[in-house]
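Residues per chain are reported as follows:
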Amino acid sequence: MPASSTAPRLPAPRLTDQLKAGLDAPICLTWEITYGCNLACIHCLSSSGRRDPRELNTAEAKAVVDELRDLQVFYVNIGGGEPTIRPDFYDLVDYSVSRGVGVKFSTNGSTITADRAKRLAGSDYVDVQISIDGADAVTNDAVRGAGSYATARRAMDHLAEAGFGPFKISVVVTRDNAGQLDAFEALANGYGAQLRLTRLRPSGRGADSWARLHPTQQQQVALYHWLIERPGVLTGDSFFHLSALGEALPGLNLCGAGRVVCLIDPIGDVYACPFVLHPEFRAGSVRDAGGFARVWRQSDLFLELRRPASAGACASCGSYDACQGGCMAAKFFTGLPLDGPDPECVKGHGEALLGRVAAGAAPSPGPGHSVPVRLRTRPGPVGASK
Amino acid sequence: MDEAIAARSPNGPTAPFDPTARYRLDPDVALRPEPFGALAYHYGSRRLTFLRSALLAEVVRDLESHDSVDAALTASVPEAERPAYRRALASLADSRFIRAC
């Protein structure tokens with residue numbers, strides 16, 4: 001997180017080390033409130049599509065908000081699925097804000113009408129993030145589905161016309177859009193919006209599309225330099241593995257899973273981060289006795305993640321301090337050991353290992369809630385896709 | 001993780017920090033105690049900052065009850081450390097976590 005640190009110059013452990021040991025409550029919590037989605041993006045982290053009958057109901061969801069308020073979680077990132085298709089979505093947003101828990105929600109834009117945009121413009125403490133994955137319809141729709149670019153742009157138009165202020169445009173960087181960074185920036189500037197770029201993970205349906213869609217090494221280097229020149233572009237601190245290329249990117253350069261971040265899924269299960277929806281990283285449920293606070297503070301998984309970790313195979317690499325071994329989820333779902341290099345390690349150490357992962361050896365994210373209908377994929381060579 | 005900073009920049013320039021004046025925590029700021037000190041979150045600017053000492057968190061919390069920043073420092077911070085604390089508070093004033101009363 002590009003947050004600042006205010007320290008009188010006193011002997012104190014490095015902030016990174018303090019954060020690795022965990023906080024009393026998450027800094028940043030992602031809450032996916034439904035698996036239902038009207039799109040079927042080929043990189044969806046949560047393999048969303050159908051709603052799950054076990055999803056938290058309105059009263060349960062409000063009880064979660066109450067818990068977050070008690071823990072002084074300042075704001076929550078609401079996503080899904082498409083969160084706005086829940087009939088009680090705005091009820092939950094209003095409830096959360098009224099309890100002092102700010103809301104940032106991610107949407108594909110399909111429900112952001114002119115009228116809704118006006119109402120959103122009148123609310124404090126609500127941030128809106130519209131997702132697109134291409135700077136033009138062809139690039140975007142190949143990932144997010146036919147018509148999704150036009151839908152997102154319409155939502156942006158509505159927010160801009162309503163005077164919402166600086167909404168966010170959120171882009172997952174892929175091999176196909178990595179050459180469009182300037183175009184994304186121009187789009188955001190045109191709306192007075194803020195650009196947010198995040199990393200493609202091999203999670204959810206991304207497990208099937210990652211090999212073909214993740215940026216090349218050359219694109220990663222270009223992205224790093226582009227970001228270094230633009231500290232105002234938001235990244236959710238997701239590119240810290242690129243810090244091994246030189247000067248650290250702004251933000252927290254560490255994996256915050258179970259230490260400063262976590263995920264609550266639509267049925268109330270708590271995972272270490274939004275990118276590891278897999279039984280191995282499920283810490284508990286908000287429905288368990290003791291609720292979310294107990295899971296955060298006492299679950300075996302989270303306590304384990306807060307213990308000092310070995311650098312493993314990365315111990316002999318001079319860049320480990322900069323990249324911290326990269327993203328746990330990226331390693332896990334590509335079948336790499338968690339105490340070794342990231343599959344997109346900028347020194348190439350991950351790539352070398354990937355070639356040795358036996359076919360079918362990587363853990364499967366499972367079918368999730370994908371609708372049986374699969375989107376058309378991009379014409380062209382299938383490449384390394386499974 | 002997330003980006004709490006830069007989400008909304010404060011509007012306009014801040015007044016220069018004046019340690020002889022009385023300051024207080026901005027009404028839009030919440031403090032959350034943590035093992036290293038406290039987390040401070042500004043609901044208006046969406047900025048987050050880490051107050052990396054328990055004493056700094058305490059000084060910030062109690063600023064308003066002193067006639068000036070200097071008086072607050074004199075009351076609870078060892079003399080040798082006051083310049084560092086004054087700089088920390090200047091930085092918090094600059095990012096509008098604290099403001100003159």
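The shown structure was predicted, so the numbers you read here are calculated from the model rather than taken from an experiment.

What counts, and where the lines are drawn
- Residue numbers run consecutively from 1 along every chain, following the written order of its sequence.
- Written order decides the labels, with chains lettered from A and ligands numbered from 1.
- Restriction of local features to residues with pLDDT of at least 70 applies here, the model being predicted, together with a cutoff of 80 or more for giving and counting side-chain atom pairs; totals for whole chains, interfaces and linings are based on all residues.
- For side-chain calculations, the full set of non-hydrogen atoms in the structure is used, while hydrogens and water are omitted.
- Strands are runs of DSSP state E lasting at least two residues, helices are runs of H or I lasting at least four, and both sets are numbered from the N terminus onward.
- Exposed residues in this analysis have more than 50% of their type's maximum accessible area, buried residues have under 20%, and partly exposed residues fall in between, with area computed by a 1.4 Å probe over protein chains only.
- Residue contacts follow a heavy-atom distance rule, with two residues in contact if any of their heavy atoms lie within 4.5 Å.
- Note on areas: Shrake-Rupley, 1.4 Å probe, and residue coverage restricted to the protein chains presented here.
- Two strands qualify as a pair provided DSSP detects at least 2 bridges between them.
- Axis definition: a line fit to C-alpha positions, over the contact stretch in the case of helices; interaxial angles, taken between N-to-C directions, run 0 to 180 degrees.
- Among buried residues, those of type Ala, Val, Leu, Ile, Met, Phe, Trp, Tyr and Cys that are joined through side-chain atoms within 4.5 Å constitute a nonpolar core.
- In predicted models, pLDDT denotes the confidence assigned by the predictor to each residue on a 0 to 100 scale.
- Each polar contact in these results corresponds to two N or O atoms within 3.5 Å; when the atoms are within protein, one needs to be able to donate a hydrogen and the other to accept it, and residues that are neighboring in sequence are counted only if both atoms are side-chain atoms.
- Here the angle decides the label: under 35 degrees means roughly parallel, over 145 means roughly antiparallel, 65 to 115 means roughly perpendicular, and every other value means oblique.
- By definition, any crossing whose near helix is turned counterclockwise from its far helix by less than a right angle is left-handed, and any crossing with a clockwise turn is right-handed.
- Ten residue types, Ala, Val, Leu, Ile, Met, Phe, Trp, Tyr, Cys and Pro, are classed as nonpolar, four, Asp, Glu, Lys and Arg, as charged, and the remainder, Gly among them, as polar.
- For this document, the term salt bridge refers to a Lys or Arg side-chain nitrogen within 4 Å of an Asp or Glu carboxyl oxygen.
- Only centres within 6.5 Å qualify two rings of Phe, Tyr or Trp (six-membered ring in Trp) as a pair; their planes then separate them into stacked at under 30 degrees, edge-to-face at over 60, and tilted for everything else.
- Charge-over-ring placement is defined geometrically: NZ (Lys) or CZ (Arg) within 6 Å of the ring centre, and within 35 degrees of the ring normal.

A few words now on the overall build of chain B. If you tally the helices and strands in chain B, you get three helices and five strands. Secondary structure of chain B in N-to-C order comes out as β-β-β-β-α-α-α-β. Taken across its 101 residues, chain B has 50% of its residues classed as buried. Once local pairs closer than 6 in sequence are excluded, the contacts in chain B between residues at least 24 apart make up 59%. Working note: accessible area of chain B is about 4,300 Å², and carbon and sulfur atoms make up 48% of it.

Structurally, the position occupied by Ser65(B) is in the loop between α1 (54-62) and α2 (69-76). Remark: the alpha-carbon pair of Ser65(B) and Arg24(B), spanning 41 residues in sequence, is separated by 8.3 Å.

Another point: the sheet that holds strand β6 (residues 168-173) of chain A. All names here are of chain A. Read across the sheet, nine strands follow the order β7-β6-β5-β4-β3-β2-β8-β9-β10 without closing on themselves; strand pairing throughout is mixed. Each edge of the sheet is formed by a strand with only one pairing partner; in this case those strands are β7 (194-199) and β10 (282-285). Along the sheet, successive strands turn relative to each other by an average axial angle of 25°, direction set aside. In the sheet, strand β5 (residues 126-131) pairs with β6 via three bridges, with the strands oriented parallel. Note that in β6 the partner of Gln129 across the bridge is Lys168.

If you look at the biggest cluster of nonpolar residues, it comprises 103 residues, and the most contacted ones within it are Trp31(A), Phe105(A), Ile169(A), Leu197(A), Phe292(A) and Phe302(A). Residues in contact with Trp31(A), not counting those within four places in the same chain, are Leu56(A), Ala61(A), Val64(A), Val65(A), Val76(A), Asn77(A), Ile78(A), Gly79(A), Ile264(A) and Asp265(A). Counting residues in each nonpolar core, the second largest holds 22 residues, with Ala57(B), Tyr85(B), Ala88(B) and Leu92(B) among its members.

With that settled, consider the confidence of the model for chain B. All names here are of chain B. Counting all residues, the mean pLDDT for chain B is 88, and 87% of those residues have values of 70 or more. Confidence drops under a pLDDT of 50 for residues 1-10, and excluding neighbours within four residues, the segment shows 57 contacts in the predicted structure. Here the predicted complex carries an ipTM of 0.83, next to a pTM of 0.90.

Moving on, we come to the environment of Ser95(B). All names here are of chain B. Mapped onto the elements, Ser95 comes out in the loop between α3 (82-94) and β5 (98-100). Ser95 sits in the buried class, given a relative accessible area of 9%. Spatially, the C-alpha atom of Ser95 lies 8.6 Å from that of Arg47, the residues being 48 residues apart in sequence. A polar contact of 3.4 Å, which involves the side chain of Ser95, links it to the backbone oxygen of Leu92.

Moving on to the packing of α1(B) against α3(B). All names here are of chain B. Two elements in contact, α1 and α3, have axes whose closest approach is 11 Å; the angle formed by their N-to-C orientations is 55°. By the angle between their axes, α1 is oblique relative to α3. The two elements α1 and α3 meet at a crossing, and its hand is right-handed. Across the interface between the two elements, Leu55, Leu56, Val59 and Val60 from α1 touch Tyr85, Ala88, Leu89 and Leu92 from α3. Counted by class, the contact of α1 with α3 contains eight nonpolar, no polar and no charged residues.

Residue and element names in this part refer to chain A. For the structure on display, the rule yields 21 salt bridges over all chains. The closest approach of N and O atoms between Arg51 and Glu55, which form a salt bridge, is 2.8 Å. Its relative accessible area of 38% is what places Arg51 among the partly exposed residues. The buried category is assigned to Glu55, whose relative accessible area is 8%. Residue Arg230 pairs with Asp182 through a salt bridge whose shortest N-O separation is 3.7 Å. Here the residue Arg230 occupies a position in the loop between α9 (217-228) and β8 (261-264), and Asp182 occupies one in helix α7 (residues 181-191), the gap between them amounting to 48 residues. Under the relative-accessibility criterion, Asp182 is labelled partly exposed at 48%. It is possible to trace a salt-bridge network through shared partners that takes in Asp182, Glu185, Glu229 and Arg230.

Let us now look at the packing of aromatic side chains. With the rule as written, the count across this model stands at 15 aromatic pairs over all chains. Taking 4.8 Å as the distance between ring centres and 90° as the angle between the ring planes, the aromatic pair formed by Phe281(A) and Phe332(A) counts as edge-to-face. Taken together, the residues Phe281(A) in the loop between β9 (269-271) and β10 and Phe332(A) in helix α13 (residues 328-333) connect sequence positions 51 residues apart. Each member of the pair Phe281(A) and Phe332(A) is classed as buried. Taken together through their ring pairs, the aromatic side chains of Phe74(A), Tyr75(A), Tyr125(A), Tyr41(B) and Tyr43(B) make up a single cluster. Sitting over the ring of Tyr90(A), Arg116(A) keeps its end group 3.4 Å from the ring centre.

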